[in-house]
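Residue strings, one per chain:
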Amino acid sequence: MTPSYNFAFLDEDTKRMLRRALLKAVAIPGYQVPFGSREMPLPYGWGTGGIQVTAALLGRDDILKVIDQGADDTTNAVNIRRFFARVAGVETTEHTVDASLIQTRHRIPETPLREDQILVFQVPEPEPLRTLEPREAETRTLHALADYGLMHVKLYEDIAQYGHIATSYDYPVLVDDRFLTSPSPIPKFDNPKLDRSPALMLFGAGREKRLYAIPPYTKVESLAFDDHPFEIQRWEHRCELCGSAESYLDEVIVDDRGSRMFVCSDTDFCGDRRAEAQA
Amino acid sequence: MSALLQVRGLSRHYGQRIGCEDVSFDLHPGELLCVVGESGSGKSTLLSTVAAQLAPSAGTVRYRQRDGEWLELGTLSEADRRRLAREEWGFVTQNPRDGLRLNVSAGANVAERLMALGMRNYSQLRGIARSWLERVEIDAARIDDAPTSFSGGMQQRLQIARTLVTQPRLVFMDEPTAGLDVSVQARILDLLRGLVNELGLAAVMVTHDLAVARLLAARTIVMQGGRVVETGLTDQILDDPQHPYTQLLVSSVLTT
Ligand SMILES: [Zn+2]
């Protein structure tokens, strides 16, 4: 642990400010709470929002897991994990079941989460209406009045253009029958895991200076039309490493002749299944 | 029949300057009222104030809701004002680009208000959007085209479809044909006349053109310098204008 930093890098006043914002976020599920985002020793786009949330939550006994696109070994995940190992000295893990705190970009682990776990999402754009309504004051009013017809305009456009709801990442959800919310750029495959999750879900957007939360066991509904219901991605393949038919698959190129195969995006989940199969 | 809208002593000032001053009128269900005046006459200020987009400096506007309840618009919360605008009113702006959502398709523009009211069946939304495009004489095959690919007249007809699709009880129109070619204007006025009759719309329309009033409105208010100078049946005003300013307007209509 580098001694020139306070525990988990941020000073205690900043952490208290973040915790107050997080408590408010938990009290109003899906509501975007402004916070005074701090400069972090990582550029925006590297998850500075998520890192600040993690820093405010970490205790000395926490066991931290960091994933990016489901994998623990990507540059982004490795950097963030190393950062916290250095500035907080906490134990880290790649195993979902062993982690008390998981910071993620772009996925929710396949292994079901528990009540004693917290998932922290890195969020680039917290406002689901932004592409349709650039004016901040107006989106704030739309949230205040729960006036969300506009979101269906986007889904309508999807179907008109592609014949189905083509939005496959960052698929908009209604939290607790009240706030329209961005689930962050996770695949819509993961949306059902948000619904009534036993684990607390926290979202941090550093550049936009917003936090929000989905508390445990909160209803989370993916928007849709009656005649175009919400559907998750499906594959004709199983994972070619572990044989899973239930997980989110990535298509990867495996040699220089361009051969492809489908494998679990969640590397920990896939590894566990293979270990079990051998045992 | 009971009025839909009651405007009493309505004034709107901008500092010392008068926007509109002491305006009173009633609007009945199914009635189209034209407010005629030149630019600077206060007609657009009046429209915005009646539609609760501007707060009045004095006077009241009362609106009778669908459920028969009278609402005092000056006391409405922002949420109630938006609910009225969404569920019971429509607004057609002079420049269609201000009233349309330009980054989504024509069909989405028409369907948006229906979705805002909670309609969640895509096929039904498409069907209604198609039929409304046809009603405003836009080829339904263009349902997925961007409004930016439409001519000015088509954009205005699209805005009319987008506004009327929810069958509002009261529509505010701000010079909906100004800025368009004369032949395009005539087509839109014809279309509006048909729709107003068919839907039994109540509307307040602002125009600088008495000829528009003659075509559409049974009753007309003439404004000058923020005040009403003459009000009455449109035919009477055209046949026998009382106020010198109205006489001037009428003579200019008759010579064109
Ligand atoms: Zn696998």
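From a predicted model like this one, the values you see are computed outputs, not experimental measurements. (Residues numbered from 1 in each chain as written. Chains lettered and ligands numbered in written order. Predicted model: local features only at pLDDT ≥ 70, side-chain atom pairs only at ≥ 80, totals over all residues. Heavy atoms only, no water.)

Looking at the overall build of chain B
Piece 1. Per the secondary structure count, chain B includes ten helices and ten strands.
Piece 2. Whereas a compact globule of 256 residues would reach a radius of gyration of roughly 18 Å, chain B reaches 18 Å, a difference of no more than 12%.
Piece 3. Classification of the 256 residues of chain B by burial places 53% in the buried group.
Piece 4. A separation threshold of at least 6 residues defines the contact pool for chain B, and within that pool the share at least 24 residues apart is 65%.
Piece 5. Separation between the mean location of the 27 positive side-chain charges and that of the 29 negative ones in chain B comes to 6 Å. (Helix = DSSP H or I, 4+ residues; strand = E, 2+ residues; numbered from the N terminus. Rg over C-alpha atoms; globule rule 2.2 N^0.38 Å. Buried < 20%, exposed > 50% of the residue type's maximum accessible area, 1.4 Å probe, protein only. Contact = heavy atoms within 4.5 Å. Lys, Arg positive; Asp, Glu negative; His and termini not counted. Charge placed at Lys NZ, Arg CZ, Asp CG, Glu CD.)

What to know about the interface of chain B and chain A
Size of an interface, as often reported, equals the accessible area lost when the parts are brought together.
Piece 1. In this complex, chain B contributes 22 residues to the contact, which on the side of chain A involves 21 residues.
Piece 2. Regarding the contact of chain B and chain A, the summed buried area is about 1800 Å², with carbon and sulfur atoms giving 58% of it.
Piece 3. Summed over the three residues of chain B that lose the most area to chain A, namely Arg 82, Arg 120 and Tyr 122 of chain B, the buried surface amounts to 39% of that side.
Piece 4. At the junction of chain B and chain A, the tally comes to two salt bridges.
Piece 5. When the shortest N-O distance is used, the salt bridge between Arg 86 of chain B and Asp 147 of chain A registers 3.0 Å.
Piece 6. Where chain B packs against chain A, one counts nine residue pairs in polar contact (both at pLDDT 80 or more).
Piece 7. Those elements that provide at least two residues to the side of chain B that touches chain A are helix H2 (78-87), helix H4 (106-116) and helix H5 (122-135) of chain B. (Buried area = accessible area lost by both parts, 1.4 Å probe. Salt bridge = Lys/Arg side-chain N within 4 Å of Asp/Glu carboxyl O. Polar contact = N/O pair within 3.5 Å; in protein donor to acceptor, adjacent residues only side chain to side chain.)

Comments concerning the domain arrangement of chain B
Residue and element names in this part refer to chain B.
Piece 1. Here chain B is described as being made up of domain 1 (5-88 + 168-251) and domain 2 (101-166).
Piece 2. The distance between the C-alpha centroids of domain 1 and domain 2 comes to 25 Å.
Piece 3. Counting residues at the interface gives 16 residues for domain 1 and 15 residues for domain 2.
Piece 4. Summed over both sides, the interface between domain 1 and domain 2 buries roughly 1400 Å², with carbon and sulfur atoms accounting for 66% of that surface. (Domains from an automatic or database assignment.)

Regarding the layout of surface pockets
Piece 1. Its volume calculated, the largest pocket comes out at about 1100 Å³.
Piece 2. If you trace the largest pocket, you find 28 residues lining it, with Glu 138 of chain A together with Arg 82, Ala 85, Arg 101 and Arg 162 of chain B closest to the centre.
Piece 3. Taken together, the elements giving at least two residues each to the lining of the largest pocket come down to helix H4 (136-144) and helix H5 (149-162) of chain A together with H2, strand E6 (89-92), helix H3 (96-99), H4 and helix H6 (152-164) of chain B.
Piece 4. Of the residues contributing to the lining of the largest pocket, the split by class is nine nonpolar, seven polar and twelve charged. (1 Å grid on protein atoms, 1.4 Å probe; cavity = no way out; pocket = protein on both sides within 12 Å on 5 of 7 lines; lining within 4 Å. Points joined across faces, edges and corners; volume = space filled by probe spheres on them. Nonpolar A, V, L, I, M, F, W, Y, C, P; charged D, E, K, R; others polar.)

Focus on the environment of Pro 112 of chain A
Residue and element names in this part refer to chain A.
Piece 1. Among the structural elements, Pro 112 can be located in the loop between strand E4 (101-105) and strand E5 (118-122).
Piece 2. A relative accessible area of 68% means that Pro 112 is categorised as exposed.
Piece 3. In sequence terms Pro 112 and Val 254 are 142 residues apart; their C-alpha atoms lie 29 Å from each other.

Remarks on the coordination of the zinc ion
Six octahedral donors around a metal ideally make angles of 90 or 180 degrees; four tetrahedral donors ideally make 109.5 degrees.
All names here are of chain A.
Piece 1. Within the protein, Cys 239 (SG), Cys 242 (SG), Cys 264 (SG) and Cys 270 (SG) serve as the donor atoms for the zinc ion, at 2.2 to 2.3 Å.
Piece 2. With four donor atoms in place around the zinc ion and angles of 104 to 118° between them, the coordination shape is tetrahedral.
Piece 3. Each donor residue of the zinc ion lies on one chain, and together they are spaced C-x2-C-x21-C-x5-C. Of this pair, Cys 239 sits in the loop between strand E10 (220-222) and strand E11 (249-253) while Cys 264 sits in strand E12 (residues 260-264), placing them 25 residues apart in sequence. There is no split in this pair, since Cys 239 and Cys 264 are both buried. (Donors = N, O, S within 2.8 Å, 3.2 Å for Na, K, Ca; no water. Tetrahedral: all angles 85-135°; square planar, octahedral: opposite > 155°, others 65-115°.)

Looking at H2 of chain B
Piece 1. Residues of H2 of chain B that are buried include every one of Arg 82, Leu 84 and Arg 86 of chain B, and no others.
Piece 2. Buried positions along H2 of chain B lie against H4 of chain A together with strand E4 (58-64), strand E5 (70-72), E6 and H4 of chain B.

Overview of the packing of H5 of chain A against H4 of chain B
Piece 1. Relative to each other, H5 of chain A and H4 of chain B sit at 140°, their axes nearing to 9 Å. Judged by the inter-axis angle, H5 of chain A sits oblique to H4 of chain B. In terms of crossing hand, the pair formed by H5 of chain A and H4 of chain B is right-handed. In this structure, H5 of chain A contributes Gly 149, Leu 150, His 152, Val 153, Tyr 156 and Glu 157 of chain A to the contact, and H4 of chain B contributes Gly 107, Ala 108, Ala 111, Glu 112, Met 115 and Ala 116 of chain B. (Axes fitted to C-alpha atoms, helices over the stretch in contact; angles between N-to-C directions. Parallel < 35°, antiparallel > 145°, perpendicular 65-115°, else oblique. Left-handed = near helix turned anticlockwise from the far one by under 90°.)

Overview of the sheet that holds strand E7 (residues 179-181) of chain A
Residue and element names in this part refer to chain A.
Piece 1. Pairing is antiparallel across the open sheet formed by three strands, whose spatial order is E7-E6-E10. Strand pairing shows two members of the sheet lacking a second neighbour, E7 and E10, which therefore form its edges. Going across the sheet, the axis of each strand differs from the next one's by a mean of 30°, ignoring polarity.
Piece 2. In terms of strand pairing, strand E6 (residues 173-175) meets E7 through three bridges, oriented antiparallel. Within E7, the residue paired with Leu 174 across the bridge is Leu 180. (Pairing = 2+ DSSP bridges.)

Points about the nonpolar core
Piece 1. Formed by 70 residues in total, the largest nonpolar core has its most connected members in Tyr 156 of chain A together with Leu 32 of chain B.
Piece 2. For this core, the element with the highest residue contribution is H5 of chain A, accounting for seven residues.
Piece 3. Excluding its chain neighbours within four sequence positions, the residues that come into contact with Leu 32 of chain B are Met 173, Val 196, Ala 203, Met 205, Leu 216, Ala 217, Ala 218 and Arg 219 of chain B.
Piece 4. Formed by 33 residues, the second largest nonpolar core is a distinct cluster that contains Leu 18, Val 53, Ile 80 and Val 87 of chain A. (Core = buried A, V, L, I, M, F, W, Y, C linked by side-chain atoms within 4.5 Å.)

Re the domain arrangement of chain A
Residues and elements named next belong to chain A.
Piece 1. Under the domain assignment, chain A is made up of domain 1 (12-222) and domain 2 (234-279).
Piece 2. One C-alpha centre belongs to domain 1, the other to domain 2; they are set 26 Å apart.
Piece 3. Broken down residue by residue, the surface that domain 1 buries against domain 2 is led by Arg 107, Glu 110 and Phe 189, which jointly contribute 43%.
Piece 4. Viewed at the interface, domain 2 and domain 1 are joined by zero salt bridges.
Piece 5. The interface formed by domain 1 and domain 2 contains nine residue pairs in polar contact (both at pLDDT 80 or more).
Piece 6. Residues of the side of domain 1 that touches domain 2, tallied by class, amount to five nonpolar, five polar and five charged.

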